[in-house]
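An overview of the molecular structure
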Amino acid sequence: MTNASWEALSNQAVAASGVVYFLALLAHLVQWAALRKLPADEVVTTGRTAMAGRLGVLLTVIAVGVHAVALAARGMAADPNRVPWGNMYEFTLAGTFFVGLLYLLFLRRFALEWMGPLVVAFILTLLMVAVIWLHEEVAPLTEALYSYWLIIHVVSAVIATGAFTLGGIASVLYLLKERSTAERGYLARLPDLLSLDRISYRMHAFGFPVWTFAVLITGPIWAHQAWSSYWNWDPKEVWAFITWVVYAAYLHARATAGWKGRNAAIVALVGLATLWFNFIGINFFSSTSQHSYAAPVIADQQHPPEVSL
């Protein structure tokens, strides 16, 4: 296959995964629309309602699989082949993929079926943002960034991002359920407040050491290899450290001051806001970030354009 064919396959796989995510969202909405008519303590394991829930999970599995194909094809489309995270479009594809993958991996362990519609809606929304506003043509990485540290750094960062996102969703639902007095419907059927708080904590406790590894270990090593400096005061570096500080404060407060419930959920959401602002927002508000890795296509080999890192 040619590079153009791989890129076309990637674009088609992104579109196909979006369609399947949308169908998964519809299945989950059908399930919860039926459940809202029943008492919150009534468990439904058979019939059309339960089937809609299982269908939603199955479609999510298929969507995540097609999503993986989109990422792999994107990397194969570059010349030379590379890992598929050279610009914000590709980072968003990778980040949303790991949100979906971690959700499926933790689905049975933490009984996260109730999180399905929100996770799918979140992924679908960011995929739409990526396709409409962030899409860029495939381009090679700058030569200095062909390093295995890129793979280690970014994989750890997006894994942590997925875990923090799932923990943030649990924190949002905690705050909503805490204020809700409904005896039926989605919020009433969520796990109790203690369980939501515990799930949020476990997600953050899993993500924090991985984020630490990405931001404070592999990131500086890779920066030194690429730019001969461990720290460059790049906007993304600064915001990544701010995110680390917020999540460190969250875990420290829980361990030492006994912060749980509402206060912990608020701090966790502050961390999530800094995380996704760093992930996407910095690129709209800063023109000095070195974290723009893909080189532009060189039309004139005798007068190549300067690459802005």
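This structure is a prediction, so every number in the text was calculated from the model and none was measured.

Counted under the stated rule, the structure contains 5 salt bridges. Arg82 serves as the salt-bridge partner of Glu90, at 2.8 Å between the closest nitrogen and oxygen. For the pair Glu90 and Arg82, one class covers both residues: buried. A salt bridge links Arg108 to Glu113, with the nearest nitrogen and oxygen atoms 3.0 Å apart.

Our next topic: the nonpolar core. The tendency in soluble globular proteins is for nonpolar side chains to be buried side by side. Formed by 83 residues in total, the largest nonpolar core has its most connected members in Leu112, Trp114, Met115 and Leu166. Among the elements of the structure, helix 1 (3-35), helix 2 (47-76), helix 3 (88-106), helix 4 (116-134), helix 5 (148-179), helix 7 (193-227), helix 8 (235-257) and helix 9 (262-285) are those that each provide at least two residues to this core. The element that contributes the greatest number of residues to this core is helix 5, accounting for 14 residues. Apart from residues no more than four positions distant in its own chain, Met115 is found in contact with Tyr103, Leu166, Ile169, Ala170 and Tyr186.

A few words on the packing of helix 1 against helix 4. At their nearest, the axes of helix 1 and helix 4 sit 9 Å apart, and the two run at 150° to each other. Comparing their axes, helix 4 and helix 1 come out roughly antiparallel. For the pair helix 1 and helix 4, the sense of crossing is left-handed. Only Gly116, Pro117, Val120, Ala121, Ile123, Leu124, Leu127 and Val131 of helix 4 make contact with helix 1, whose side of the interface consists of Val14, Ser17, Gly18, Tyr21, Phe22, Ala24, Leu25, His28 and Trp32. Classifying every residue of the contact of helix 1 with helix 4 by side-chain character gives 13 nonpolar, 4 polar and no charged.

Each value, and the rule that gives it
- Residues numbered from 1 in each chain as written.
- Predicted model: local features only at pLDDT ≥ 70, side-chain atom pairs only at ≥ 80, totals over all residues.
- Heavy atoms only, no water.
- Salt bridge = Lys/Arg side-chain N within 4 Å of Asp/Glu carboxyl O.
- Buried < 20%, exposed > 50% of the residue type's maximum accessible area, 1.4 Å probe, protein only.
- Core = buried A, V, L, I, M, F, W, Y, C linked by side-chain atoms within 4.5 Å.
- Helix = DSSP H or I, 4+ residues; strand = E, 2+ residues; numbered from the N terminus.
- Contact = heavy atoms within 4.5 Å.
- Axes fitted to C-alpha atoms, helices over the stretch in contact; angles between N-to-C directions.
- Parallel < 35°, antiparallel > 145°, perpendicular 65-115°, else oblique.
- Left-handed = near helix turned anticlockwise from the far one by under 90°.
- Nonpolar A, V, L, I, M, F, W, Y, C, P; charged D, E, K, R; others polar.

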